[in-house]
Amino acid sequence: MKNDKTLRKYKSSGGVDVYKLPVEAFPNHVTNCYLVMDDPITLLDTASGWDTANAELAACFDGLREKFGAKISLKDVGRLIITHGHIDHFGGVNFVVRESAAELGIHELDASVIQNFKERLLVSSTNLHLFLARSGMPQEEVGALLQLNKWSKDTFVARPVDFTFDEGQVQRGKLTAFHTPGHCPGQVCLRLDDILFTADHVLSRITPNQSPEAITRWTGLGHYVQSLKEIRKVDGIRIGLGGHEDEMDDLDARILATLDFHDSRLNKTLDLLKEPKTVHDVSRGLFGKQMNYNILLAMLETGAHMEYLYERGRIAVTNIEEVENELNPVLVYQQQ
Ligand SMILES: [Zn+2]
Ligand SMILES: [Zn+2]
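Residues numbered from 1 in each chain as written. Chains lettered and ligands numbered in written order. Predicted model: local features only at pLDDT ≥ 70, side-chain atom pairs only at ≥ 80, totals over all residues. Heavy atoms only, no water.

A. Main features of the coordination of the zinc ion (ligand 1). Those donors, His-84 (NE2), His-86 (ND1), His-183 (NE2) and Asp-200 (OD), are the protein atoms that reach the zinc ion (ligand 1), and they lie 2.1 to 2.3 Å from it. Taken together, the four donor atoms coordinating the zinc ion (ligand 1) and their angles of 89 to 172° define a geometry best described as irregular. In the primary sequence, the donor residues of the zinc ion (ligand 1) line up as H-x1-H-x96-H-x16-D. Between the zinc ion (ligand 1) and the zinc ion (ligand 2), both coordinated by Asp-200, there is a metal-metal distance of 3.3 Å. You can see His-84 sitting in the loop between β5 (79-82) and α2 (87-90) and its partner His-183 sitting in the loop between β9 (176-179) and β10 (188-192), a full 99 residues away along the chain. (Donors = N, O, S within 2.8 Å, 3.2 Å for Na, K, Ca; no water. Tetrahedral: all angles 85-135°; square planar, octahedral: opposite > 155°, others 65-115°. Helix = DSSP H or I, 4+ residues; strand = E, 2+ residues; numbered from the N terminus.)

Pasting the structure below:
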């Protein structure tokens with residue numbers, strides 16, 4: 001289920017208990033946090049930091065006592081690991097650190113999202129503005145989307161991070177990280193014995209949103225596909241636990257389905273580009289008319305697929321005279 005809010009318990013092959021703590025980060029958007037009873041006791045992700053989400057996260061610990069008899073509270077959490085720098089996963093770090101003794105860690109490529117939040121938001125908003133300006137979207141819509149993008153993230157207060165990591169064992173304890181950039185620059189999947197926490201890299205039903213690397217380095221469909229192929233090589237995984245939705249009993253099948261999905265979206269994009277089109281045109285062709293934040297998601301997803309095809313020479317810019325004479329013109333693409 002997309003928004004299942006049932007507390008669940010798993011046990012890794014090495015005997016470590018894991019609890020799934022689903023929290024409604026935003027209305028109708030549930031983020032799964034996981035409590036790993038390793039040494040140190042580790043919480044993966046925090047949801048959004050909205051008051052309602054913080055209250056739900058705290059209530060999950062009461063639920064663990066009632067449902068599983070687990071004598072544990074938020075203050076027992078010794079370590080907090082953020083799977084990637086998206087607000088629906090890290091927004092609650094200030095709350096969790098305040099309520100516990102947790103040291104906060106995140107992959108080195110996403111640490112600045114927490115530490116220099118405002119600067120990162122402003123720089124990526126500028127890149128987003130440039131992307132939308134050359135996408136062919138009407139100017140007044142661009143302004144409205146930029147506002148919406150800022151508003152959705154404006155409440156977070158930056159804080160220091162205690163440690164960063166890359167591939168391999170994360171500090172002490174049993175968790176091992178695999179860097180899987182694409183959906184987010186510093187996204188990691190974390191292995192605990194035969195369990196893989198897949199964050200937003202692989203999900204049970206949806207395919208995670210993509211955005212062009214032209215906006216943020218280490219995102220883009222090229223990195224994402226590469227990371228899917230890399231994570232397929234991790235063997236001995238019995239169960240995949242995603243940052244949203246349900247557990248995955250056959251992770252490999254889910255990875256293959258995700259790869260297929262992007263292949264077919266690339267083919268649809270190519271089809272639409274038999275005639276010259278802008279990113280905005282193709283986005284309409286792929287997704288139809290969208291509303292509010294979904295307009296932005298559709299534009300980013302389309303931009304990521306067109307960037308992938310462009311980098312591989314399968315589509316090209318056709319209005320090169322304008323590119324020659326203007327600083328940031330609307331780009332028109334066509335299949336080669
Ligand atoms: Zn995400
Ligand atoms: Zn997410």
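B. Spotlight on the packing of helix α5 (residues 117-133) against helix α6 (residues 139-151). In the contact formed by α5 and α6, the axes pass within 11 Å of each other and the chain directions differ by 155°. Here α6 runs roughly antiparallel to α5, going by the angle between their axes. Helix-helix and strand crossings are classified by hand; for α5 and α6 the assignment is right-handed. Contacts between α5 and α6 involve Leu-122, Ser-125, Leu-128, His-129 and Leu-132 from the first element and Val-142, Leu-145, Leu-146, Asn-149 and Lys-150 from the second. Class assignment for the residues of the contact of α5 with α6 results in six nonpolar, three polar and one charged. (Axes fitted to C-alpha atoms, helices over the stretch in contact; angles between N-to-C directions. Parallel < 35°, antiparallel > 145°, perpendicular 65-115°, else oblique. Left-handed = near helix turned anticlockwise from the far one by under 90°. Contact = heavy atoms within 4.5 Å. Nonpolar A, V, L, I, M, F, W, Y, C, P; charged D, E, K, R; others polar.)

C. Expanded view of the coordination of the zinc ion (ligand 2). Within the first shell, the zinc ion (ligand 2) binds the protein through Asp-88 (OD), His-89 (NE2), Asp-200 (OD) and His-244 (NE2), at distances of 2.1 to 2.5 Å. Seen from the zinc ion (ligand 2), its four donor atoms lie at angles of 89 to 157°, and the figure they make is irregular. Positions of the donor residues of the zinc ion (ligand 2), expressed as sequence spacing, correspond to D-H-x110-D-x43-H.

D. Seen up close, the pattern of salt bridges. Tallying each qualifying case throughout the model produces 16 salt bridges. A salt bridge links Glu-24 to Lys-5; the shortest N-O distance between them is 2.8 Å. Linking Glu-24 in strand β2 (residues 17-26) with Lys-5 in the segment before β1 (8-11), this pair joins segments that are 19 residues apart in sequence. You can call Lys-5 partly exposed: its relative accessible area is 39%. A salt bridge links Arg-265 to Glu-301, with the shortest nitrogen-to-oxygen separation between them at 2.9 Å. Here the residue Arg-265 occupies a position in helix α8 (residues 251-272), and Glu-301 occupies one in helix α10 (residues 293-311), the gap between them amounting to 36 residues. Given a relative accessible area of 17%, Arg-265 falls into the buried group. The class for Glu-301 is buried, based on a relative accessible area of 4%. Because the salt bridges share partners, they merge into one network encompassing Lys-5, Glu-24 and Glu-56. (Salt bridge = Lys/Arg side-chain N within 4 Å of Asp/Glu carboxyl O. Buried < 20%, exposed > 50% of the residue type's maximum accessible area, 1.4 Å probe, protein only.)

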